[in-house]
Amino acid sequence: MSVAAWFAMALQKRSPRATLSADEKRRLLDLQRQHAEVLGMLPEIAGFQDRPEEYGKFFRNMIQQSAGLTEPQGDSVDAYMRQRAQLMNQQGLNAGREPQDAQLEAAWEARRDAFNTQTATGLQNLLPPGAAQKAGISPELLEFLEMDFDKILAPGTAKP
């Protein structure tokens, strides 16, 4: 199951079940059955931030599979995300560098959120029309992959 599909499921769960069609309910149930596997992979995925080659390869594979990219398009995603991982590490914004001090953490989170927004926007602009939507590319997806769940939960459920 692709991470983007699981993320789509998390967003779809925000909708009241009564408003979902029968097909959407079946898809949601199928995705829910697979979510434990994806959650188990998240620590490894977050660790890719420290290894730009793995970070680029992960995004290439995920987006190529979910959006049907050509090999050259996949190469472009790989190169872009490797560059973003290198920059993330240089700026100290990778998950392993998160400050333990709560006062420092707030500023670090704000910088990382801005970085994720820039990364998602750059990736959306790099992809052919419709591909970013198919792959679920957004700042929220990047937050999800970093296990920063309070940024993607339904309003009113985020931690204080």
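Refer to the preceding data block for the structure.
Thresholds, definitions, all that
- Residues numbered from 1 in each chain as written.
- Predicted model: local features only at pLDDT ≥ 70, side-chain atom pairs only at ≥ 80, totals over all residues.
- Heavy atoms only, no water.
- Core = buried A, V, L, I, M, F, W, Y, C linked by side-chain atoms within 4.5 Å.
- Buried < 20%, exposed > 50% of the residue type's maximum accessible area, 1.4 Å probe, protein only.
- Helix = DSSP H or I, 4+ residues; strand = E, 2+ residues; numbered from the N terminus.
- Contact = heavy atoms within 4.5 Å.
- Axes fitted to C-alpha atoms, helices over the stretch in contact; angles between N-to-C directions.
- Parallel < 35°, antiparallel > 145°, perpendicular 65-115°, else oblique.
- Left-handed = near helix turned anticlockwise from the far one by under 90°.
- Nonpolar A, V, L, I, M, F, W, Y, C, P; charged D, E, K, R; others polar.
- Phe/Tyr/Trp six-rings, centres within 6.5 Å; stacked < 30°, edge-to-face > 60°.

## What about the nonpolar core?
- Ranked by internal contacts, the top residues of the largest apolar core, which has 29 residues, are Phe59, Ile63, Leu127 and Ile137.
- Contributions of two or more residues to this core are made by helix H2 (22-47), helix H3 (52-67), helix H4 (71-90), helix H5 (102-126), helix H6 (131-135) and helix H7 (139-145).
- It is H3 that provides the largest number of residues to this core, a total of six residues.
- Setting aside residues up to four positions removed in sequence, Ile137 forms contacts with Met62, Ile63, Ala120, Leu123, Gln124, Leu127 and Ala132.

## Some remarks on the packing of H3 against H4
- Packing of H3 against H4 leaves a shortest axis separation of 7 Å and a crossing angle of 140°. Here H4 runs oblique to H3, going by the angle between their axes. Considering how the two elements wind past one another, H3 and H4 form a crossing that is right-handed. Across from Pro52, Glu53, Tyr55, Gly56, Lys57, Phe59, Arg60, Ile63 and Gln64 in H3, the residues of H4 making contact are Glu71, Gly74, Asp75, Val77, Asp78, Met81, Arg82, Ala85, Gln86, Met88 and Asn89.
- When its residues are assigned to classes, the contact of H3 with H4 shows eight nonpolar, five polar and seven charged.

## Overview of the packing of aromatic side chains
- Following the criterion strictly, the structure yields three aromatic pairs and no others.
- Relative to Phe58, the ring of Phe48 has its centre 5.7 Å away and its plane inclined at 50°; by these criteria the two rings are tilted. In this pair, Phe48 sits in the loop between H2 and H3 while Phe58 sits in helix H3, placing the two residues 10 residues apart along the sequence. Take Phe48 and Phe58: they sit in the same class, and that class is buried.

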